[in-house]
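Commentary on secondary and tertiary structure
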Amino acid sequence: MMKSYPIVCCLLFLFGMVISPGVAMSAANHGDVLAVLDQLHSPVVSDTFEQGNDSGGAQQDAKKTPTLSQLMTQYPDTFRTRGPRVKRIALTFDDVPDPRFTGKVLDVLQQYDVKATFFVVGNRAKKHPDLLKRIHEEGHAIGNHSYNHAQLNKLRLPDFIKQIERTNAVIESIVGVTPTLIRPPYGDINEQQLRWARKNGYKVVNWNVDSLDWKGLNKDEVKHNILSAIGPGSIVLQHAGGGAGSDLTGSIEALPEIITELMRQGYDFVTLPDMLGVPESK
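Owing to the predicted nature of the structure, the values given are computational and were not obtained by experimental measurement. (Residues numbered from 1 in each chain as written. Predicted model: local features only at pLDDT ≥ 70, side-chain atom pairs only at ≥ 80, totals over all residues. Heavy atoms only, no water.)

1. Section: the packing of helix H5 (residues 102-112) against helix H11 (residues 249-264)
Let me state the cut-off plainly: Convention adopted: a line fitted to C-alpha atoms gives each axis, helices being fitted over their contacting stretch, and angles between N-to-C directions are expressed from 0 to 180 degrees. In this description a helix means any DSSP run of H or I spanning at least four residues, a strand means any run of E spanning at least two, and both kinds are numbered starting from the N terminus. Between 65 and 115 degrees an angle is taken as roughly perpendicular, under 35 as roughly parallel, over 145 as roughly antiparallel, and anywhere else as oblique. Left-handed is the label given to a crossing in which the near helix is rotated counterclockwise from the far helix by less than a right angle, and right-handed is the label when the rotation is clockwise. Note on contacts: a residue pair qualifies if any of its non-hydrogen atoms lie within 4.5 Å across the two residues. Each residue gets one label: Ala, Val, Leu, Ile, Met, Phe, Trp, Tyr, Cys and Pro are nonpolar, Asp, Glu, Lys and Arg are charged, and the others, such as Gly, are polar.
Here H5 crosses H11 at 25°, and the two axes come no closer than 9 Å. When the axes of H5 and H11 are compared, the pair comes out roughly parallel. In this structure, H5 crosses over H11, and the sense of that crossing is right-handed. Along the contact surface, H5 presents Lys 104, Val 105, Val 108, Leu 109 and Tyr 112, while H11 presents Ile 252, Leu 255, Pro 256, Ile 259, Thr 260 and Met 263. For the contact of H5 with H11, the class distribution of residues is 9 nonpolar, 1 polar and 1 charged.

2. As for unusual backbone geometry
Where we set the bar: Under the scheme applied here, a residue whose accessible area is under 20% of the maximum for its type counts as buried, over 50% as exposed, and between as partly exposed, the area being computed with a 1.4 Å probe on protein chains only.
With an omega dihedral of -5°, the bond running from Val 96 to Pro 97 counts as a cis peptide bond. As for its position among the elements, Pro 97 is in the loop between strand E4 (88-96) and H5. Of note in this structure, Ser 146 is not a glycine but carries a positive phi near 80°. In this fold, Ser 146 is placed in the loop between strand E6 (141-144) and helix H8 (157-175). The exposure class assigned to Ser 146 is buried, which follows from its relative accessible area of 0%. The backbone phi angle of Leu 212 is positive, close to 60°, even though this residue is not glycine.

3. Remarks on H5
Considered for burial, the residues of H5 that qualify are Thr 102, Gly 103, Val 105, Leu 106, Val 108 and Leu 109. Contacts made by the buried residues of H5 are with E4, strand E5 (117-120), helix H7 (129-137) and H11. In the segment just after H5, Asp 113 is the residue with positive phi, at about 55°.

4. A word on the nonpolar core
Heads up, the rule is: Within this scheme, the nonpolar core is defined by two criteria: the residues are buried Ala, Val, Leu, Ile, Met, Phe, Trp, Tyr or Cys, and they are joined through side-chain atoms within 4.5 Å.
Of all hydrophobic cores here, the largest spans 39 residues; its most connected members are Leu 91, Phe 93, Leu 109 and Phe 118. In terms of residue count, the dominant contributor to this core is H11 (6 residues). Discounting residues that sit within four places of it in the chain, Phe 93 has contacts with Val 105, Leu 109, Ala 116, Thr 117, Phe 118, Phe 119, Gln 238, His 239, Ala 240 and Leu 255.

5. Regarding the packing of H5 against H7
Contact geometry of H5 with H7 gives a least axis separation of 11 Å together with a crossing angle of 15°. For the element pair H5 / H7, the angle class is roughly parallel. Where H5 crosses over H7, the two elements pack in a sense that is left-handed. Contact with H5, carried on its side by Thr 102, Gly 103, Leu 106, Asp 107 and Gln 110, involves Leu 131, Arg 134 and Ile 135 of H7 and no other residues of that element. In terms of residue class, the contact of H5 with H7 is built from 3 nonpolar, 3 polar and 2 charged.

This is a description of form; function is not addressed.
Quick look at the structure:
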């Protein structure tokens, strides 16, 4: 075994030079044959992501996958999480229409003469068109929340486009609005989808104040989550719809106290189109 050691070293050195000269030279300089083996067999973690072209064909992008915060920086006019820093608040409600909760939220907003923005799920709008009509008729803004609450950043571009356009078609057929605002479920979107949104005149709007009401929190917990994080230009996330077993009672009960406290502090309530200075409809 000792007699063959120089031969093994030479073979490994030459093998390393072919595959990775830097790795082999580093090991040879230290006289460490095992270092070559360790480095050549170390796992490589890929930071690339699959990105379809405009026709939907998949290809590998050499860039690292951008984080949401990086995307906000790169696309500041398309991807928003807050408005200008003035004493205005945008209340937003996701996952509508839902006959269990949406009407109750609308009742509170009507009582306090507050306008909000509702992000609509397309297949729910088809099932409950009268609730969508009420949202529109009472002066609230409408945005697109996908057709079936899909995790959009996992979809290829043609499927993403179908989610948006199919939902817009349903909303337009019921209330005559073709939304320009998109809120991706879970807040997740990828760079290719953002580029498509920008090219086609959409704004992607997430939030900077999260009620966490989807967890079934009680009134005081929802109220604390919102009031402790609020500030000029805040976009608040609540829900007026949910999945099977969802309980938004705490969120609905907290809403009157949230509104009265923010009014006391001198805030005005506006829709997202008003806050961001964009049209509601194409």
